Amino acid sequence: MTPRTKLAVAIFVIVPALSLVLFAAGKPSVATAALQVSLAEILYDQADYRSAMRIYLRATECDDAKVRDRARAGTIRAALRIAEFGIAATQLSPLRAGSAADPDVLALAGDTLWASGRFDEAESAYRDSLALDAANARGHNGMARALASKSQLDAALDEVYAALRSTPGDPELQHTLGSVLERMRRYPDAVVAYEIFMNTLPHSGQAESGWWTRNHVAFLKSFNGTVPFEIVSRDDRRRHVIDFRLENGKVIVKASVNGSRPMDFAIDTGAEQTVVTEKTARKLGLRPMLQTLSAGVGLYGMRGLLVGKIQALEIGTLTVKNIPCLIKSPALRGLPVDETNGISPVALGLSMTVDYRNRRLTIGEPDSVGDGIVAELPLRLNRLATVRGDVNGNPASFIVDTGGEAISLNESTARGLFKPDDRRRIKLLVYGASGWDPDAYLLPGVNLAFGDVTLANQPVMVLNLRAPSVLLGYEIGGIVGYRFLSKYRVEFDLKQSLLRLRTL
């Protein structure tokens, strides 16, 4: 039994009266708040983040500024662990007001802003933290995530190593290292980092996190002897132009899997990986290798899917070998249309351009020709392609989803900007990757902006995006799909980390 575990037993068992003091109603005294913070730290170390957050919150009500700030910082850390993004954001403002020049607080502010989807502000906070303390591990870890989201993977790797030099035993840093190495397709090195991550987890956190990571490590090991995401380009072409058709707002191309006959795939940047339906997987003989979690719009929220491996995916003159694929199994029932296969060139690490007027998809380097640029939006690749938008003048992050149809807001975004008014809500029947969304509605009168593109007084769908936000680790503000994107020639430029909108 560790010393902290013994202390926890003493607090809860040996001195039960003390528990009554710790949980007493009303404003705590300084001494009581200090005990609450100590207890919350024990619970946090034992990965009981929700209990820790609740006790930290009680201590934030005390009058002593030092204890109160410790409690606020602890509340934020615990809240971020359990995706309570709103609670973390609420505690951040008073904490920063009292500790504006503290590098640890600035790094924590970066983590909170990141979880709120305010990536530019988060990156600025991380830089400010490192300007005050060049060895700050949380600042380096945050910068690693920020740089990786802009596909600057070599620089991101340097930041992770800098963080690990300061705090080598932090499991979160090892996980960041693994994710960056995986993005770099250095699977053997990623496996080592993930295995260290599992070994450094608190015992109480090993069951769930360790199980998913062990599965993922086994999957990465299955690529031994191959080149993950190997690009084979006919005639060494840098651009591959493919004709497509539009079907219910979806960009549909023909693709071949493992030498099969060409079949329909939707170009879907709302998917993290290539996706095949249960029926397609059976037809192609794709063998599931493990289970993973996915999330999307719909009643089911989090959804377990199977993961397999495609040996070769051919799209026109482009072939990509040895890639993971999600298998939509078990299939959802009761939807108005069948689930579809999907490809995201962005998830394959490739830039792409969608020319909606001429029905042409270009995979590879943008050719940078054509009519004028309407907007250039900084593009972050945080598992999904994300850009910054403004909702009634307030910043929010939007997923750019070529597989989606309308512009939508997260329920939490709408709730934070608009007072509840059932008279303004128009009930909708909406289904997504996780089934029907029973709470979806149409909200009129919303003012949106994406860079220089303004959309005044717009009706938008409001959806429950809690599950995908939890999975991605940041609050999704909304989604932009076909009805917005189809007005432009849309360029996803991963090298420059830009989303360009050109006139058609």
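Residues numbered from 1 in each chain as written. Predicted model: local features only at pLDDT ≥ 70, side-chain atom pairs only at ≥ 80, totals over all residues. Heavy atoms only, no water.

I'd like a rundown of the nonpolar core, residues and numbers included.
One finds L313, F398, L448, F484, F492 and L499 to be the most contacted residues of the largest nonpolar core, which totals 142 residues. Looking at which element gives the most residues to this core, the answer is helix α12 (residues 187-200), with seven residues. If we ignore the near neighbours within four places in the chain, the residues touching L499 are A375, E376, L377, L379, V387, V400, V490, E491 and F492. (Core = buried A, V, L, I, M, F, W, Y, C linked by side-chain atoms within 4.5 Å. Buried < 20%, exposed > 50% of the residue type's maximum accessible area, 1.4 Å probe, protein only. Helix = DSSP H or I, 4+ residues; strand = E, 2+ residues; numbered from the N terminus. Contact = heavy atoms within 4.5 Å.)

Hey, could you go over helix α11 (residues 171-183) for me, with residue numbers and the actual values?
The first and last C-alpha atoms of α11 sit 19 Å apart over 13 residues, in line with the 18 Å expected at 1.5 Å per residue. Within the sequence span of α11, burial applies to P171, L173, Q174, T176, L177, G178, V180, L181 and E182. Two or three places before E172, at the opening of α11, D170 has a side-chain oxygen 2.9 Å from that residue's backbone nitrogen. (Expected span 1.5 Å × (residues − 1). Polar contact = N/O pair within 3.5 Å; in protein donor to acceptor, adjacent residues only side chain to side chain.)

Before we move on, could you go through the packing of helix α6 (residues 85-98) against helix α7 (residues 103-115) and cite the residues and values that matter?
Where α6 meets α7, the axes come as close as 9 Å, and the angle between the chain directions of the two elements is 145°. Handedness of the α6/α7 crossing: left-handed. Residues F85, A88, A89, L92, L95 and R96 of α6 lie in contact with α7, whose contacting residues are V105, L106, L108, A109, T112, L113 and A115. Tallied by class, residues from the contact of α6 with α7 come to 11 nonpolar, one polar and one charged. (Axes fitted to C-alpha atoms, helices over the stretch in contact; angles between N-to-C directions. Left-handed = near helix turned anticlockwise from the far one by under 90°. Nonpolar A, V, L, I, M, F, W, Y, C, P; charged D, E, K, R; others polar.)

Please provide a residue-by-residue account of the pairing of strand β4 (residues 250-257), values included.
Most of β4 is tucked away: six of the eight residues are buried. A loop of two residues connects strand β3 (residues 245-247) with β4, the two strands running antiparallel in sequence, and N248 in this loop sits at a positive phi of about 55°. Taken together, the four bridges between β4 and strand β5 (residues 263-267) define a ladder with antiparallel strand orientation. By the bridge assignment for β5, I252 is matched with A266. Remark: five residues form the turn of the hairpin made by β4 and β5, two consecutive strands paired antiparallel; N258 in that turn has positive phi of roughly 50°. (Pairing = 2+ DSSP bridges.)

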